[in-house]
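Commentary on secondary and tertiary structure
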Amino acid sequence: MFQNIVTLSHHIIKEKVHKGAHVLDATVGKGNDTLLLSQLVKDEGSVYGFDLQADAIAITQKRLETESKYKNIKLFHADHSQMDKYLPKDLTLQFAIFNLGYLPSGDKEIITKAETTAKAIEATLPRLNKDGVLAIASYIGHPGGMEEFLKVELLVESLDQKRYNVGMFQFLNQKNNPPRLFVIERR
């Protein structure tokens, strides 16, 4: 079933993303979601990926060169809060994903921040198609993680219910501050 937040988010991705869709990976990390999104949208779609860390972009680029047969990805070495500077103005998204926190096995001092993440979410929401989904995995076990989670929670719970369906999933019986997954669907 759903062993962790990653398997749950990948289940949602597979349900919502289809051939020809335009999608966003706002925090590419090691390219796990980026690769899956690329495989689902195929050559007819596009994947836009952002990361603040050059290492993450390099790791993802190398991975995509060896594991993806599609040339549908545009990577940007930039903070996700800057996405409007890079994305086409008229781009609408079927799906977007954020994995907050730090690069796994990377520098744990370099993390996503509450303010810039809120700005990025606010830039993403109006780009969602009708029935488009934004998934946000919030990792809370590191310094700054709980602050960011609370900022995101406050932002998404205030969204107009006539325009968005908002839910949150968390594992209640797991130790060590398991991450939470917000799922926002545009109506």
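Structural notes, computed from the coordinates. (Residues numbered from 1 in each chain as written. Predicted model: local features only at pLDDT ≥ 70, side-chain atom pairs only at ≥ 80, totals over all residues. Heavy atoms only, no water.)

Attention now moves to the sheet that holds strand E4 (residues 93-99). Strands pair in a sheet through their backbones, by hydrogen bonds, and they do so in one of two ways: parallel or antiparallel. Strand order across the open sheet formed by seven strands is E3-E2-E1-E4-E5-E7-E6, with mixed pairing between neighbours. The sheet is open, and its two borders are formed by strand E3 (73-77) and strand E6 (164-170), each paired with just one other strand. Averaged over all adjacent pairs, the angle separating strand axes in this sheet is 10°, with direction ignored. Pairing of strand E1 (residues 22-25) with strand E2 (residues 46-51) involves four bridges; the strand directions are parallel. In the strand pairing of E2, Asp 25 is matched with Gly 49. The strands that helix H3 (residues 54-67) touches are E2 and E3; relative to E3, the one it contacts most, it runs at about 160°. (Pairing = 2+ DSSP bridges. Helix = DSSP H or I, 4+ residues; strand = E, 2+ residues; numbered from the N terminus. Axes fitted to C-alpha atoms, helices over the stretch in contact; angles between N-to-C directions. Contact = heavy atoms within 4.5 Å.)

Counted according to the given criterion, the structure contains five aromatic pairs. Measuring from centroid to centroid gives 4.9 Å for Phe 50 and Phe 76, while their planes differ by 25°, and the two rings are stacked. With a gap of 26 residues between them, Phe 50 in strand E2 and Phe 76 in strand E3 connect regions that are remote in the sequence. Judged by its relative accessible area of 0%, Phe 50 falls in the buried class. Judged by centre distance (5.1 Å) and plane angle (45°), the ring pair of Phe 76 and Tyr 86 falls under tilted. Of this pair, Phe 76 sits in strand E3 while Tyr 86 is found in the loop between E3 and E4, placing the two residues ten residues apart along the sequence. Residue classification places Phe 76 among the buried positions, given a relative accessible area of 16%. Seen from the ring of Phe 149, Arg 180 lies directly overhead, with NZ or CZ sitting 4.8 Å from the centre. (Phe/Tyr/Trp six-rings, centres within 6.5 Å; stacked < 30°, edge-to-face > 60°. Buried < 20%, exposed > 50% of the residue type's maximum accessible area, 1.4 Å probe, protein only. Lys NZ or Arg CZ within 6 Å of the ring centre and 35° of its normal.)

Right, let's get into the nonpolar core. Of all hydrophobic cores here, the largest spans 30 residues; its most connected members are Phe 98, Leu 134, Ile 136 and Ile 184. Ile 5, Val 17, Leu 36 and Val 47 belong to the second-largest nonpolar core, a separate cluster that totals 18 residues. (Core = buried A, V, L, I, M, F, W, Y, C linked by side-chain atoms within 4.5 Å.)

Buried within helix H4 (residues 114-124) are the following residues: Ala 114, Thr 117, Ala 118, Ala 120, Ile 121, Ala 123 and Thr 124. Considering only its buried residues, H4 is in contact with E1, E4, strand E5 (128-138) and helix H5 (145-157).

To continue, consider the layout of surface pockets. If you add up the space inside the largest pocket, you get close to 600 Å³. The residue makeup of the lining of the largest pocket, split by class, is twelve nonpolar, 14 polar and six charged. (1 Å grid on protein atoms, 1.4 Å probe; cavity = no way out; pocket = protein on both sides within 12 Å on 5 of 7 lines; lining within 4 Å. Points joined across faces, edges and corners; volume = space filled by probe spheres on them. Nonpolar A, V, L, I, M, F, W, Y, C, P; charged D, E, K, R; others polar.)

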